[in-house]
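# Architecture and fold: a report
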Amino acid sequence: MTFVQLIDCKTSRFDEVNRLMDTWVEQTRGKRTATHSVIGKDRSDASHFIEIVEFPSYEEAVRNSNLPETDRIFQEMVALCDEAPTFTDLDVIRDEQLYEATIRRFFDTVATAGDLPPLNDLMVEHYHDHDPANEQDNLGLDAMRREIEMWRGGFDFSFTVDDQLAQGDRVCTRWTWNGTHTGDFMGIPPSGMTVTMTGTTVFRCQEDGKIAEGWWQYDRLGLMAQLGALDALET
């Protein structure tokens with residue numbers, strides 16, 4: 001279970017505290033067990049700071065605390081605080097990456113049977129799509145709908161999300177696509193073949209959670225080979 005520690009302190013010497021934390025990061029390289037750290041400043045009190053430190057588990061947090069570098073830096077940090085810092089230990093019982101959930105919903109939605117939903121609740125109207133298979137980027141939600149409909153017209157398909165990583169406003173998804181060739185696709189008549197390909201997409205989300213931009217990389221050549229479109233080139 002993920003474990004989070006909140007360190008609440010007041011200091012008028014934050015620049016020195018910040019440099020001290022840089023020193024700790026450098027000295028504990030390869031030894032520390034903390035995986036993520038965020039420091040926030042109170043908007044109503046410029047001397048009030050809260051650091052949120054994430055660990056894989058409580059046991060790993062204890063290991064981190066027992067590092068001699070951690071103890072030494074902590075004593076120096078206390079000396080820079082206006083009063084003794086307080087600590088709150090939290091077991092994480094819910095961890096939901098909202099942008100990741102939006103992207104998963106996108107992949108589910110474009111593969112759904114029946115008419116393609118409007119997508120306005122998932123993507124902005126000025127959506128910008130980068131796909132190296134296209135000569136020009138798709139600009140705008142209508143252009144993206146046409147691109148999706150081209151794929152839906154050629155295949156009954158589904159996506160399996162293999163991995164997702166989120167950082168800031170971007171979500172990277174590694175996916176597997178499985179489809180049945182049921183309609184014309186780029187001049188190739190329907191064959192009924194079952195085909196598959198893998199790919200990776202990086203989406204940028206804006207503050208309201210909607211998808212604003214996307215970058216695609218996928219094995220389109222492998223797909224065309226499965227459809228037999230490269231046979232003539234090999235003879």
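Cut-offs used in this document
Residues numbered from 1 in each chain as written. Predicted model: local features only at pLDDT ≥ 70, side-chain atom pairs only at ≥ 80, totals over all residues. Heavy atoms only, no water. Core = buried A, V, L, I, M, F, W, Y, C linked by side-chain atoms within 4.5 Å. Buried < 20%, exposed > 50% of the residue type's maximum accessible area, 1.4 Å probe, protein only. Helix = DSSP H or I, 4+ residues; strand = E, 2+ residues; numbered from the N terminus. Contact = heavy atoms within 4.5 Å. Pairing = 2+ DSSP bridges. Axes fitted to C-alpha atoms, helices over the stretch in contact; angles between N-to-C directions.

## Details of the nonpolar core
Formed by 34 residues in total, the largest nonpolar core has its most connected members in Phe106, Met123, Trp151, Phe155, Trp177, Trp216 and Leu223. Elements with a contribution of two residues or more to this core: α4 (98–110), β5 (123–130), α5 (141–154), β7 (155–167), β8 (170–181), β9 (194–205), β10 (211–218) and α6 (220–226). In this view, phenylalanine 155 contacts Trp177, Thr180, His181, Thr182, Phe185, Val195, Leu223 and Leu227; residues no more than four positions away in its chain are not counted. Residues Cys9, Val17, Ala34 and Ile73 belong to the second largest nonpolar core, which totals 16 residues.

## Brief notes about the sheet that holds strand β4 (residues 86–91)
Taken in spatial order, the four strands make up an open sheet running β2-β3-β1-β4, and their pairing is antiparallel. The two strands at the open ends of the sheet, each matched to only one other strand, are β2 (36–41) and β4. Going across the sheet, the axis of each strand differs from the next one's by a mean of 15 degrees, ignoring polarity. With six bridges connecting them, strand β1 (residues 3–10) and β4 associate as antiparallel partners. Note that in β4 the partner of glutamine 5 across the bridge is aspartate 89.

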